[in-house]
Amino acid sequence: MMPKPMIKGICIFLAALMVLSVGAIIFQVIAAEPGAMAYIAPATGDNDADYIIPIGLGLLAVLAIGICVFLPKMRKKEDETK
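Here goes a summary of the coordinates provided. These figures come from a predicted structure and were not determined experimentally. (Residues numbered from 1 in each chain as written. Predicted model: local features only at pLDDT ≥ 70, side-chain atom pairs only at ≥ 80, totals over all residues. Heavy atoms only, no water.)

## Some words on the overall build of the chain
Scanning the chain from N- to C-terminus turns up three helices and zero strands. Counting helices and strands in the order they occur from the N terminus, the chain gives α-α-α. In the form shown here, the chain has an accessible surface area of approximately 7000 Å², with 73% of it arising from carbon and sulfur atoms. (Helix = DSSP H or I, 4+ residues; strand = E, 2+ residues; numbered from the N terminus. Areas by Shrake-Rupley, 256 points an atom, 1.4 Å probe, with all protein chains shown as cover.)

Set out below in structure tokens:
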């Protein structure tokens with residue numbers, strides 16, 4: 001079994017990779033010009049899902065980082081009070 005700090009570091013690293021990958025997707029969506037997209041595919045009714053889904057995934061990744069960092073600290077405080 002790996003030590004807990006190593007597991008925590010791996011979890012934080014993977015969550016940071018999730019944030020970076022979502023950021024790359026968001027930049028591609030924002031950078032795409034509407035004129036170029038209309039040339040590739042006909043306009044069939046656009047909605048905001050192109051922006052909402054990547055932002056939601058980014059928030060989930062940030063939440064995962066927060067859980068990996070703060071949950072062990074909260075549990076440590078609980079154990080100290082007992």
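Don't stop here, the text continues.
## Concerning a nonpolar patch on the surface
The grouping of Met-2, Met-6, Ile-10, Phe-13, Leu-14, Leu-17 and Leu-20 at the surface amounts to a nonpolar patch, some 700 Å² of accessible area in total. With respect to the secondary-structure elements, Leu-17 resides in helix H1 (residues 4-31). Exposure remark for Leu-17: the relative accessible area of 40% places this residue in the partly exposed category. (Patch = residues over 30% accessible without salt bridge, like charges linked within 9 Å, V, L, I, M, F, W, Y side chains within 5 Å. Salt bridge = Lys/Arg side-chain N within 4 Å of Asp/Glu carboxyl O. Buried < 20%, exposed > 50% of the residue type's maximum accessible area, 1.4 Å probe, protein only.)

## Observations concerning the environment of Gly-9
With respect to the helices, strands and loops of the structure, Gly-9 is situated in helix H1. Counting along the chain gives 60 residues from Gly-9 to Val-69, while the straight-line C-alpha distance between them is 9.2 Å.

## Quick look at the state of the cysteines
Under the definition given, this model contains zero disulfides. The closest cysteine sulfur to the non-disulfide-bonded Cys-11 is located on Cys-68, 4.4 Å from its own sulfur. (Disulfide = S-S within 2.5 Å.)

## Topic: a positive patch on the surface
A contiguous patch of positive charge on the surface is contributed by Lys-8, Lys-73, Lys-76 and Lys-77. Sorting elements by how many residues they give to the positive patch places helix H3 (residues 49-81) first, with three residues. (Lys, Arg positive; Asp, Glu negative; His and termini not counted. Charge placed at Lys NZ, Arg CZ, Asp CG, Glu CD.)

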